[in-house]
Each structure stands twice: as C-alpha cells, then as structure tokens.
Number of protein chains: 2
Amino acid sequence: MELTERQQQIVNISIKLIADQGIQNLTIKNISKEAGFSEPAIYRHFDSKYAIIMAMLDSFQDISRFVLTETEKQGLDSISKIKKFLFDRYQRFSANPSAAKVMFAEGIFRDDPRYSQKMLDIMHQHASTMQNIIREGQFKGELRADISAREMFRIIFGSLRLLINQWGLADCNFDLKLEGELLWIAVKKMIT
Amino acid sequence: MELTERQQQIVNISIKLIADQGIQNLTIKNISKEAGFSEPAIYRHFDSKYAIIMAMLDSFQDISRFVLTETEKQGLDSISKIKKFLFDRYQRFSANPSAAKVMFAEGIFRDDPRYSQKMLDIMHQHASTMQNIIREGQFKGELRADISAREMFRIIFGSLRLLINQWGLADCNFDLKLEGELLWIAVKKMIT
DNA sequence: CAATAGTTAGTGAACGATAACTAATGTCAA
DNA sequence: TTGACATTAGTTATCGTTCACTAACTATTG
C-alpha cells in the first residue's frame, strides 16, 4: 500500500480537514481547494472518497504497528518499554496535532463498518501488545501483580487518550509533552 | 430548555442515528423516516438541524450536571462519591448504549465551534467537580496525596472513557457494568 | 375560527463522481 | 536523432443525487 507523493499529500490534507473542521467538511471540493488543483484531479490518485479515508486509516495503522514493534523489540524492562511507547506518542502528536485529533476520535468513522473495523483493529493492536508488555513486567516483578493486565492497560492507555483529547479540545494550548511526562510520573507510581 | 415530547423523540432518534451510522447519516430525511412522519414536520419542532444537535448536547449537559450535583451533595466520603459517579455512568450507559457512543465521542462535533465549545464545557464540568472531590479526599487522607488531582482525574476518568469506547466499538458485546466494577476495583487500589 | 401539527411539492446549493479534452512527459523503432 | 504514439496528470463542463429547508395547503382540536 505504498502511497505516491500526491496520494500522501491528499491524505495529509484530509487529516487536517477532519481535525480542523470535522468529518462533515471532508469533501472532495475542500480537499482539492486545499491541494490547489481541481476536484476531478483527485480521482487521478484515488478511486473514491472511500479510498482516501481508507488510505488514511491504513497510514494510522502503519504508524501504530511501527511504534509498537519498535517498542517491543528493544531489550528494555517493561516500565521503560511503556514509557518509551507513551513518550513516542506525545512526541509524534506534538509534531502533528491534526493526526492526534483524528486518530483518537474513532467515533468519527462510524458511517462505514469498514472504517470502524479498521479502528477496532488498531485499538486491538495497541491493547494486545501493551498487555503482553504488562504481563511480562508483572512476571518479572517490575509491575504490581494485583491488577490484571487488561485493567492496567485501560488505566495507562485511557489516561493517555484523555490527555490527548483534552489537548485537542483545548486547541493545543498546553505543552503536551510536559503534561504527558507529569501524567507518566503519576501512572508509574501507581503501577509499580 | 424544556423539550416537548416530540422534540425529545427527535433528539433520541438523532442520538441513535449518530451512534449506529455516524454523524454523516444524521440527516433530516433519516430522522423523519425513523420518526414516521415527513421531513417538513421536523421543522414544526425545531428551527433547524443545528437546533436539534444543540438540544442533544444540552441534554447531555443536563444529565452530566444532574449526576455530578447528585454525587456531590450526598455526605459520602470521597471514594464513595467517585464510585457512585462511575457506577451511575455505567448504569446509565448500559441502559442507553447509543448515548454512550455519542457522548464520549466529542470528535464528532468538530464541524461547528458552538458544538465543540459545548463539549468542552461538559468535559470541564466533569473535570472540575471530580477534582474537587479528589482534593477533598486527599485532604482527609482517604486518597493518596502524592499525585495531583489533575493527574488522578485523568487516570480515573480516562480509563472510564476508554472502557466505554471499547464497549461501543465492540458493539456492546460485553457486560459494561461488570467490567466497570472490575476496573473500579483496580483503580481504587491505585488511588488509595 | 385560531392554533397546532401534519401533508405534498419543490427550492437552490452542495455532494461524489464522470465525460471529454489537453498539455507535458516518456518510450522506442526508423 | 527524430517522429509516432502511449501514459500521466491536469482541465472544464456536467451528471444524477442528496442535502437542509420552505411554501402552500389540510386535518384535528379547543
């Protein structure tokens, strides 16, 4: 699913449009206006609007997969792995606020079951990788074992998501990386 | 902002439509089809589509306000207050899954700044009330004091939101109240 | 007879998508 | 080296459909 330069441009514009003005304003017209060429030109690069959105979701999935495997393969202790994952997210979203707003708002993609399935897949990807790391940490005694991996995942990942959503709602008017560090310090205290 | 029976019906249908098919399929036509009368009849009860969505968000706000004041006024210790709030949410959303999907998906309402402002207000309502309860609990020694109220709120509320979103994504195929109780047990261990 | 709540018919605008055309570039045999 | 042709990526004009919404009318009720 390699995207051409133009396709990538169209996908990036789509992310920005959704983040700034909502899914309702993701129209071929608005994309073309932003891209600087005519509406039909879009169809030289994508078969349909559906294909554009699907390419967008695929790119989200690729990023997730990359970060998760990156995180897992390094020979770190479980706490460092979790920290690395969280900080990578804060880093990445600070650099690309639009992606943050769209990626963590799966309620947007409910109009087509293929979209929601993709979002579910991504969520599942996160959940299963993180829970493996958590279980490993519990086994090694690095993490407290009186809380199931599922619950611990919900606490770690849920607080991350809320923070990022608050940041998006508040128009990015605070330092996400800083607040993320503070949150991590608090979470770390709780899970060890 | 008292709603007539018909207005309430239209709002409920709208919530269901968004939950089931996404905001893109919230159209006057679909509402009227679901309601069983013609499109123009909708305009006997609301001035515009905007007014319908705003009434919906207002009803969310009313519910939130009610639950939060209910929670706060009872002379309980802070932990019981938090528990009561969480369980009320699980109870309410179990009974009304559509509302859960819509209410906790603020990414849906980004196309009009008046919508996002309302969602921000609701979030703020939750945050400030809960943080007051948390601070009170920390002062009384019921909650650990080495974590700021803001972080603790993000952990408690973020994990609740994630659980509810997972439940929505998974088509309500697990027992929300049961999972909610398990999550609460885990969270309680961490915050005391 | 006035108010309420419904109807049918229809508005202009915006939607996603297509047809037909064109300019620029790449390929390759004579 | 060059001319014929195909490919790529853009254009304008337009399609049928759907959108939110309105005008004009009607049946029911107090």
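Placed above this text is the structure.
Source: prediction; values computed, not measured.

A.B. asks: Explain the relation of the copies chain A and chain B to me, using residue names and the numbers behind them.
C.D. replies: Once chain A is rotated about the relating axis by 180° and shifted along it by 0.0 Å, it coincides with chain B to within an RMSD of 0.1 Å. Expressed as a symmetry operation, the mapping of one chain copy onto the other fits a two-fold axis. Among all C-alpha atoms of chain A, that of Gly158(A) lies closest to the rotation axis, at 2.2 Å. When the interface residues of chain A are mapped onto chain B, 100% of them are again interface residues, pointing to one common binding face.

A.B. asks: Outline the packing of helix α1 (residues 5-21) of chain B against helix α2 (residues 28-35) of chain B, listing residues and values.
C.D. replies: The description of two helices packed together rests on the angle between their axes and the distance between the axes. All names here are of chain B. Between α1 and α2, the shortest axis-to-axis distance is 10 Å and the interhelical angle comes to 115°. Taken together, the axes of α1 and α2 lie roughly perpendicular to each other. In this structure, α1 crosses over α2, and the sense of that crossing is right-handed. Touching Gln9, Ile10, Ile13, Ser14 and Leu17 of α1 are Asn30, Ile31, Glu34 and Ala35, all from α2. The residue inventory of the contact of α1 with α2, partitioned by class, reads five nonpolar, three polar and one charged.

A.B. asks: Summarise the layout of surface pockets; cite the residues concerned and give the values.
C.D. replies: Residues and elements named next belong to chain B. Taken as a whole, the largest pocket encloses approximately 410 Å³ of empty space. Every residue lining the largest pocket is counted, 22 residues in all, and those nearest its centre are Gln8, Asn12, Ser59, Phe60 and Ile63. Those elements that provide at least two residues to the lining of the largest pocket are α1, α4 (49-73), α5 (78-95) and α6 (97-103). Here the residues of the lining of the largest pocket are counted per class, giving nine nonpolar, six polar and seven charged.

A.B. asks: Mind laying out the protein's contact with DNA strand D, listing which residues take part and the relevant values?
C.D. replies: Inspection of the region around DNA strand D gives 17 residues, with Arg6(A), Ser38(A), Arg44(A), His45(A) and Lys49(B) positioned closest. Backbone atoms, meaning sugar and phosphate, form 45% of the atoms of DNA strand D found within 4 Å of the protein. Between DNA strand D and His45(A) there is a distance of 2.5 Å, counted from a phosphate oxygen to a side-chain nitrogen or oxygen. Between Lys49(B) and DNA strand D, the recorded distance is 2.7 Å, taken from a backbone N or O atom to a phosphate oxygen. The class makeup of the residues in the surface near DNA strand D is seven nonpolar, four polar and six charged.

A.B. asks: So what's going on with the protein's contact with DNA strand C? Which residues, and what values?
C.D. replies: Around DNA strand C, 16 residues are found, and the nearest of them are Tyr43(A), Arg6(B), Ser38(B), Arg44(B) and His45(B). Contact between DNA strand C and Ile28(A): a phosphate oxygen at 3.0 Å from a main-chain N or O atom of the residue. Between Arg6(B) and DNA strand C, the recorded distance is 2.7 Å, taken from a side-chain N or O atom to a phosphate oxygen. Those elements that place two or more of their residues in the surface near DNA strand C are α2 (28-35) of chain A together with α3 (39-42) of chain B. Of the residues that constitute the surface near DNA strand C, the class distribution is seven nonpolar, four polar and five charged.

A.B. asks: Kindly report on unusual backbone geometry, identifying the contributing residues and their values.
C.D. replies: Residues and elements named next belong to chain A. Despite not being glycine, aspartate 171 shows a phi value in the positive range, around 60°. Relative to the helices and strands, aspartate 171 is located in the loop between α8 (149-169) and α9 (176-191). In this structure aspartate 171 comes out as exposed when scored by relative accessible area, which is 60%.

A.B. asks: If you had to explain the packing of aromatic side chains to someone new, which residues and values would you point to?
C.D. replies: Overall, the coordinates contain twelve aromatic pairs over all chains when judged by the stated rule. Summarising the aromatic geometry, the rings of Phe104(A) and Phe157(A) are spaced 5.9 Å apart at their centres and angled 75° between planes, so their arrangement reads as edge-to-face. Placement of Phe104(A) in the loop between α6 (97-103) and α7 (113-140) and of Phe157(A) in helix α8 is noted, with a sequence separation of 53 residues between them. Exposure class is identical for Phe104(A) and Phe157(A). Each is buried. Look at Phe153(A) and Phe157(A): their rings are 5.1 Å apart centre to centre, the planes differ by 20°, and that puts the pair in the stacked class. Of this pair, Phe153(A) and Phe157(A) both sit in helix α8, four residues apart, which is roughly one turn of that helix. Taking the relative accessible area as the measure of exposure, Phe153(A) reaches 0% and is therefore buried. One aromatic cluster is present, built from ring pairs that chain together Phe85(A), Phe93(A), Phe104(A), Phe153(A) and Phe157(A). Just above the ring of Tyr50(B) sits the side chain of Arg114(B); from NZ or CZ to the centre is 3.8 Å. Lying over the aromatic face of Phe104(B), Arg161(B) brings its terminal NZ or CZ to 5.3 Å of the ring centre.

A.B. asks: Which residues make up the interface of chain A and chain B, and what are the values?
C.D. replies: Contact residues are listed per partner, giving 47 residues for chain A and 47 residues for chain B. Interface of chain A and chain B: buried area, both sides summed, is about 4000 Å²; carbon and sulfur atoms make up 63% of it. Between chain A and chain B we count four salt bridges in total. Across the pair Arg154(B) and Glu179(A) runs a salt bridge, and its minimum N-O distance is 2.9 Å. On inspection of chain A and its partner chain B, the count reaches eight residue pairs in polar contact (both at pLDDT 80 or more). Where the side of chain A that touches chain B is concerned, the elements lending two or more residues are α1 (5-21), α7, α8 and α9 of chain A. Ranked by the residues each element gives to the side of chain A that touches chain B, the list is headed by α8(A), at 15 residues. In terms of residue class, the side of chain A that touches chain B is built from 23 nonpolar, ten polar and 14 charged.

Criteria and thresholds
Residues numbered from 1 in each chain as written. Chains lettered and ligands numbered in written order. Predicted model: local features only at pLDDT ≥ 70, side-chain atom pairs only at ≥ 80, totals over all residues. Heavy atoms only, no water. Least-squares fit on C-alpha atoms with pLDDT ≥ 70 in both. Contact = heavy atoms within 4.5 Å. Axes fitted to C-alpha atoms, helices over the stretch in contact; angles between N-to-C directions. Helix = DSSP H or I, 4+ residues; strand = E, 2+ residues; numbered from the N terminus. Parallel < 35°, antiparallel > 145°, perpendicular 65-115°, else oblique. Left-handed = near helix turned anticlockwise from the far one by under 90°. Nonpolar A, V, L, I, M, F, W, Y, C, P; charged D, E, K, R; others polar. 1 Å grid on protein atoms, 1.4 Å probe; cavity = no way out; pocket = protein on both sides within 12 Å on 5 of 7 lines; lining within 4 Å. Points joined across faces, edges and corners; volume = space filled by probe spheres on them. Near = heavy atom within 4 Å. Polar contact = N/O pair within 3.5 Å; in protein donor to acceptor, adjacent residues only side chain to side chain. Buried < 20%, exposed > 50% of the residue type's maximum accessible area, 1.4 Å probe, protein only. Phe/Tyr/Trp six-rings, centres within 6.5 Å; stacked < 30°, edge-to-face > 60°. Lys NZ or Arg CZ within 6 Å of the ring centre and 35° of its normal. Buried area = accessible area lost by both parts, 1.4 Å probe. Salt bridge = Lys/Arg side-chain N within 4 Å of Asp/Glu carboxyl O.

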